Each structure stands twice: as C-alpha cells, then as structure tokens.
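One-letter residues, chain by chain:
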Amino acid sequence: MATQAEIARRAGVSQMTVSRALRGHPHVDAATRARVLEMAREIGYGAALNGDARRLASRRRGGVVRTHIVCILRYAPGQARVWRDPWAGLLSEAMQAPLFDAEMQVLLADIRESRVPANLRAGVVDGILAICPRSDVVEALTKLDVPVVGVANTLLPSYACQDDYAVGRIATEHLLSLGHTRIALFHPLASPNARLRQQGFVDALESAGRSPDPDLIVTAEGERAEEAVPLFQELWRRRQDFTALVAYNDEVAAWLLRAAEGQGIEVPRDLSIIGVDDLPWVTLLKPSLTTVRLPLMEIGEAAARILLQRLTAWWRGEPDLPAGETACRLPVELVVRGTTAPPPL
C-alpha cells in the first residue's frame, strides 16, 4: 500500500522525515529528500507524483523551495453549496486575511460524510482549517499527517471557537428576563456545539428556578435548517403553551419565523424567537431577528494564526505547540431586535 509509513521503511528514515521531505522542509538534506522521493515514486505515492505541481505553487526564500498551501475545509451535507453560506463565507474571509499576509496559498474544499478529499490524503497541503462540526469527520482528519485546527468547534485539541455554553445561557436568560417561563429549544441532534448550548439553556432555566421540559427540547436528526419546520408544526399542534423559543442558528430561526407566520402566530406578540450568529441578512427579516452574535471574523482570524504558529514550529523542526497554547474560546454577545418581547397576557 502506498503510504508514508511504507516510504519510511524503504528509505530507512522516520515517517516524520518522509512527511517533511515530501513538503520540502528545510531541515531535510538533499540526499535524504531525493531518496524519499525515489521510494515514493516506486510505490506510486500521490504526494510525490504531485511534487512538480506543488513546487510550481511554492515560493523560494534563501534558495530553499517551500510549499505553502493551506486548505480551508468545510463539511457539506449532501450537495450543499456551503461556500454560498454567509456563515462559512465570513469564517473563510477572516481566515484568508492572515494566510495571505503570510503569503500562503489557500485551497477551499468540501468534505461529505467522513470521506477526506483525495488531494488532502495525498499530502498536497501543509495544514488544514476545519469547519467540520462532526466527530467522524474530525476522526478522519486526525489520520492525516498535517496540522489541523478546528474552526467554530472544539472537536480537535487545537481550535478557535465561540463559547457555545454561553450562547445557550445568554439567549435563555434574555427570554427569562422578559417574563417567559415556557421556552422551547430547537437544535440538530448530531452537533457537539448544540449539546453545549443545550447545557447553557438548561442551566439558565434551573438557575431561575424552572425545571426544563424535555418535550420542549426539540432535536432534528438531519442537518438542514428547514427540517426544523415540521418539528415546530408538530409541537404547536400538540401544545401551544410555550411562548418563546431558542433556535440553533439564524437560519433555523428564519425558517421558524416563516413557519410561525404560516400558523397564524404573530412574532413577537404570540411567540418570541431568538437566533444565533448575527448574520448580515437578519436585519432584513420582518421583524428583524434578535440573536446571539458570534465573533465569526475573530474566530476565523484566530484559527488561521494558530495554524500559522504550528506550521512555523513544524518548519523549524521544533515540537508541536502544547494544546493549551493552540486553543481559544471567544465570548459572544446578545443583540436585541424585534423578535423578542414579553409573553402574551
């Protein structure tokens, strides 16, 4: 099988040396690199076969050719066009700025289920910024021999993320402060971020002396925002005693706002709705959406800088940075607009 481990065995070097040689690491001497590349070609390893293309996409400093390609990888369920998603777009924009400043080339890629794109498996990138909130995807990425930094999730030891517990707590405390006591929560089942937000939701209710009603914690098994609509309709058919809801994000909130309108429910007179993200278009909704603002630009920039720090250590031949130095959790902020109000009398 064409793997870096097999190349290392044939060339009589460590797997780390193989990885560095394939990337043009300055600490690998020319003879060792030549031997590694020859062994890679013999067994048909993709990274070596793509070496010429990689060198064309590299820059030269001090006479040493170094590759500088970073992949921004986004989980894309089904055929979702994630780069048209403002959430992914804002994170991507923020990540690219420090990467461009460091003269990195950027590759945008999707991953579906846990199938890592072939070019990443072939070793054509130097690092990955992963907007992938699924544990099976992250597990696949950790098998790659490159630094990987999580973006807006904490599934990897190295990450930049919002404080998801605070998201759930702040949103719920806002509704409680308005006088709501029967509050629903809508979120996807598979998301680790959602579990943290649910804990914040539950703790806020309990701190106010309210017991969370399991029937009002609504989870969607799928990953598309519109899947919340039939769940809302079914909940409203069974019981109409809840007066507010916390949506997983702004997109879910927008779908629920539309669903409420279809049921003859006036927001916020009959039902208060709060989202999460504060995407640019939420002020265009009628009424404009109350939401918890995530610092998406700051998250993206922080993730890129963490990856650059790890790559710098890698190129210098130094040990990877400790996990505590490559993780950050950023604060969130409540933005009150037109979809929340005191409950009906």
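Quick notes on the rules
- Residues numbered from 1 in each chain as written.
- Predicted model: local features only at pLDDT ≥ 70, side-chain atom pairs only at ≥ 80, totals over all residues.
- Heavy atoms only, no water.
- Buried < 20%, exposed > 50% of the residue type's maximum accessible area, 1.4 Å probe, protein only.
- Helix = DSSP H or I, 4+ residues; strand = E, 2+ residues; numbered from the N terminus.
- Pairing = 2+ DSSP bridges.
- Right-handed = clockwise from strand over helix to strand, strands pointing away.
- Contact = heavy atoms within 4.5 Å.
- Expected span 1.5 Å × (residues − 1).
- Axes fitted to C-alpha atoms, helices over the stretch in contact; angles between N-to-C directions.

1. Quick word on the pairing of strand 10 (residues 244-247)
- Side-chain alternation along strand 10 places Ala244 and Val246 on one buried face and Leu245 and Ala247 on a second face that is also buried.
- In this structure, strand 8 (residues 183-188) lies alongside strand 10, joined through four bridges in parallel fashion. Each bridged residue has a counterpart across the sheet, and for Ile183 the counterpart in strand 10 is Ala244.
- With three bridges connecting them, strand 10 and strand 11 (residues 272-277) associate as parallel partners. In the strand pairing of strand 11, Val246 is matched with Ile274.
- Regarding topology, helix 12 (residues 250-262) serves as the crossover connection from strand 10 to the parallel strand 11, and that connection is right-handed.

2. A word on the environment of Ala303
- Relative to the helices and strands, Ala303 resides in helix 13 (residues 296-315).
- Since its relative accessible area comes to 0%, Ala303 is described here as buried.
- Sequence-wise, Ala303 and Pro98 are 205 residues apart; in three dimensions their C-alpha atoms are separated by 9.7 Å.
- Setting aside chain neighbours within four positions, we find Ala303 in contact with Leu129, Val149, Gly150, Val151 and Ala160.

3. Quick look at helix 6 (residues 86-101)
- Between its first and last C-alpha atoms helix 6 spans 23 Å; for 16 residues at 1.5 Å apiece the expected length is 22 Å, and the two agree.
- Taken as a whole, helix 6 has its buried residues at Trp87, Ala88, Leu91, Ser92, Ala94, Met95, Gln96, Pro98 and Leu99.
- The inward-facing, buried residues of helix 6 contact strand 3 (69-75), strand 4 (105-111), strand 5 (127-131), strand 6 (148-151), strand 11 and helix 13.
- After helix 6 finishes, the residue Glu103 shows a positive phi value of roughly 60 degrees.

4. Observations concerning unusual backbone geometry
- Following Val267, the chain continues to Pro268 via a peptide bond in cis, the omega torsion being 5 degrees.
- Residue placement: Pro268 occurs in the loop between helix 12 and strand 11.
- One non-glycine residue, Glu103, lies in the positive phi region at around 60 degrees.
- Following the sequence through the fold, Glu103 ends up in the loop between helix 6 and strand 4.
- Even without being glycine, Asp278 reaches a positive phi, approximately 65 degrees.
- Accessibility expressed as a relative area gives 15% for Asp278, which makes it buried.

5. A short note on the sheet that holds strand 5
- A sheet is described by the order of its strands in space; here six strands give the open sequence 4-3-5-6-7-13, paired in parallel fashion. With partners counted over all chains shown, the strands left at the sheet margins are strand 4 and strand 13 (327-330), one partner each. Across the sheet, the mean angle from the axis of one strand to that of its neighbour is 15 degrees, orientation sign disregarded.

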